[in-house]
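Each chain, letter by letter, is given below.
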Amino acid sequence: IAGITQAPTSQILAAGRRMTLRCTQDMRHNAMYWYRQDLGLGLRLIHYSNTAGTTGKGEVPDGYSVSRANTDDFPLTLASAVPSQTSVYFCASSESWNTGELFFGEGSRLTVL
Amino acid sequence: AQKITQTQPGMFVQEKEAVTLDCTYDTSDPSYGLFWYKQPSSGEMIFLIYQGSYDQQNATEGRYSLNFQKARKSANLVISASQLGDSAMYFCAMREGHGSSNTGKLIFGQGTTLQVKP
């Protein structure tokens, strides 16, 4: 059982470049989330999707966009990367938008130079 | 707006002893859920325990228990008989349940690093 798969696991990116972090789940969960983790700040929600076809903004959405064309995939795009987006990014999913724990991917470490 | 606070950046505990990790929360929604996650040095997020706001009893999962004090808005994690493998960062999180303005988002605290000493 794969659960949630994130790609790439690590990436170094030049500032100004466009980058898409991929996230796929095989649990048929309705809700999906993108968090970033920074030292001393815990995990902060970037964007979320309660069901396929819908998305919403989290705590720190600026500079990021998402799409949810189907249940399984929830890519996160940085249109023009900046150094402050250097972080570890976690994709997560839950069975529904208001119940159940979150299942996390293994994270994507992104460095923007 | 909902808020989660973990006031202990770091904690030490002797192996085999119990330890309590603090978590306070703030919400105006009467229906909410509280979660604890463990993040070892390898980086993965591991779900530990869940407490619903309407649950009458404190949640327990093996060596983990949640000391839920609703009036004080606290949801402390108690780890009994600490093991070396418990050394990790621990996150408290909250999800509001119902209400017209909430979206079920899980909001995390800043985390507490626990080190278990042999």
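Please refer to the structure higher up on the page.
Every chain is numbered independently, its residues counted from 1 as its sequence is written. Here chains are named by letter from A upward and ligands by number from 1 upward, in the order in which they appear as written. Per-residue local features are limited, in this predicted model, to residues with pLDDT of at least 70; the limit for side-chain atom pairs, both in listing and counting, is 80 or more; totals at the level of whole chains, interfaces and linings are taken over all residues. To get the side-chain values, all heavy atoms of the structure are used, and hydrogens and water are removed first.

So, the overall build of chain B
At step 1: Numbering of helices and strands starts at the N terminus; helices are DSSP runs of H or I of at least 4 residues and strands are runs of E of at least 2. The helix and strand tally for chain B stands at 0 helices and 12 strands.
At step 2: In chain B, the order of α-helices and β-strands from amino to carboxyl end is β-β-β-β-β-β-β-β-β-β-β-β.
At step 3: Scaling as 2.2 N^0.38, a compact globule of 118 residues should have a C-alpha radius of gyration of about 13 Å, and chain B matches this with 14 Å.
At step 4: Judged by the C-alpha coordinates and their principal axes, chain B covers about 50 × 30 × 20 Å.
At step 5: Note on contacts: a residue pair is in contact if any heavy atoms of the two residues lie within 4.5 Å. A fraction of 56% describes how many contacts in chain B between residues 6 or more apart in sequence connect residues 24 or more apart. We compute the radius of gyration over the C-alpha atoms and compare it with the globule rule, which gives 2.2 Å times the number of residues raised to the power 0.38.

Looking at the nonpolar core
Residue and element names in this part refer to chain B.
At step 1: The nonpolar core is taken to be a set of buried Ala, Val, Leu, Ile, Met, Phe, Trp, Tyr and Cys residues, with the residues joined through side-chain atoms within 4.5 Å. Exposure categories follow from relative accessible area, calculated using a 1.4 Å probe and restricted to protein chains: below 20% of the type maximum is buried, above 50% is exposed, and the middle band is partly exposed. Y25, W36, I49, L77, Y90 and L114 are the most contacted members of the largest nonpolar core, which has 25 residues in total.
At step 2: Of all the secondary-structure elements, those providing two or more residues to this core are β2 (10-14), β3 (19-21), β5 (32-39), β6 (46-52), β8 (64-69), β9 (74-79), β10 (88-96) and β12 (112-117).
At step 3: Setting aside residues up to four positions removed in sequence, L77 forms contacts with V19, T20, L21, W36, L48, I49, Y64, S65 and Y90.

What about the interface of chain A and chain B?
At step 1: Of the residues lining the interface, 22 residues belong to chain A; the matching set on chain B comes to 20 residues.
At step 2: Both faces considered, chain A and chain B share a buried interface measuring about 1,600 Å² in area, 59% of it formed by carbon and sulfur atoms.
At step 3: Salt bridges, as used here, are contacts in which a Lys or Arg side-chain nitrogen is within 4 Å of a carboxyl oxygen on Asp or Glu. Where chain A meets chain B, there are 0 salt bridges.
At step 4: Under the rule applied, a polar contact is a pair of N or O atoms within 3.5 Å (in protein, one hydrogen donor and one hydrogen acceptor; residues adjacent in sequence only if both atoms are side-chain atoms). The tally of links from chain A across to chain B stands at 5 residue pairs in polar contact (both at pLDDT 80 or more). Two parts lose some accessible area (1.4 Å probe) when they are put together, and adding that loss for both gives the buried area.

Notes on the sheet that holds strand β1 (residues 4-7) of chain A
Residues and elements named next belong to chain A.
At step 1: Here, any two strands with at least 2 DSSP bridges between them count as paired. In spatial order, the strands read β1-β3-β8-β7; together these 4 strands make up an open sheet with antiparallel pairing. Two strands close off the open sheet at either side, each with one partner strand: β1 and β7 (64-66). The sheet shows a mean angle of 15° between the axes of neighbouring strands, taken without regard to direction.
At step 2: Of the pairings in the sheet, the one linking strand β3 (residues 19-25) to strand β8 (residues 76-78) comprises 3 bridges and is antiparallel in character. By the bridge assignment, M19 is partnered in β8 with L78. Between the N-to-C directions of two axes lies an angle of 0 to 180 degrees, each axis being a line fitted to C-alpha atoms and, for a helix, fitted only over the stretch in contact.

Some points on the state of the cysteines
All names here are of chain A.
At step 1: Throughout, disulfides are identified as pairs of cysteine sulfur atoms within 2.5 Å of each other. One pass over the structure, following the stated rule, counts 2 disulfides over all chains.
At step 2: A disulfide bridge connects C23 with C91, and the sulfur atoms are separated by 1.9 Å. Handedness of the C23-C91 disulfide follows from its S-S torsion of about -75°: it is left-handed. Highlighted residues: C23 in strand β3 and C91 in strand β9 (residues 87-94), separated in sequence by 68 residues. C91 matches C23 in its accessibility class, with the two residues each being buried.

Some points on the side chain of T112 of chain B
Residue and element names in this part refer to chain B.
At step 1: The residue T112 is located in strand β12 in this model.
At step 2: T112 sits in the buried class, given a relative accessible area of 0%.
At step 3: If we skip the residues at most four places from it in the chain, T112 touches Q6, Q8, P9, M11, L21, A88, M89 and Y90.

A word on the packing of aromatic side chains
At step 1: Pairing of aromatic rings covers Phe, Tyr and Trp, the last through its six-membered ring, and needs centres within 6.5 Å; plane angles under 30 degrees mean stacked, over 60 mean edge-to-face, and all others mean tilted. Applying the stated criterion across every chain yields a total of 13 aromatic pairs over all chains.
At step 2: Ring plane angle 55° and centroid distance 5.1 Å describe the contact between Y25 of chain B and Y32 of chain B, whose orientation is recorded as tilted.
At step 3: Consider the rings of F35 of chain B and Y50 of chain B, whose centres lie 4.8 Å apart with planes at 55°: the pair is tilted. With F35 of chain B in strand β5 and Y50 of chain B in strand β6, the pair connects residues that are 15 residues apart, well separated along the chain.
At step 4: Here the aromatic cluster, defined as three or more aromatic residues joined through ring pairs, consists of Y33, Y35, F90 and F104 of chain A together with F35, Y37, F47, Y50, F91 and F108 of chain B.
At step 5: A ring has a charge above it when a Lys NZ or an Arg CZ is no more than 6 Å from the ring centre and no more than 35 degrees off the ring normal. The ring of Y64 of chain B is capped by R63 of chain B, whose NZ or CZ atom sits 5.8 Å from the centre of that ring.
At step 6: Stacked on the ring of F12 of chain B, the Lys or Arg K117 of chain B has its end atom at 4.8 Å from the ring centre.

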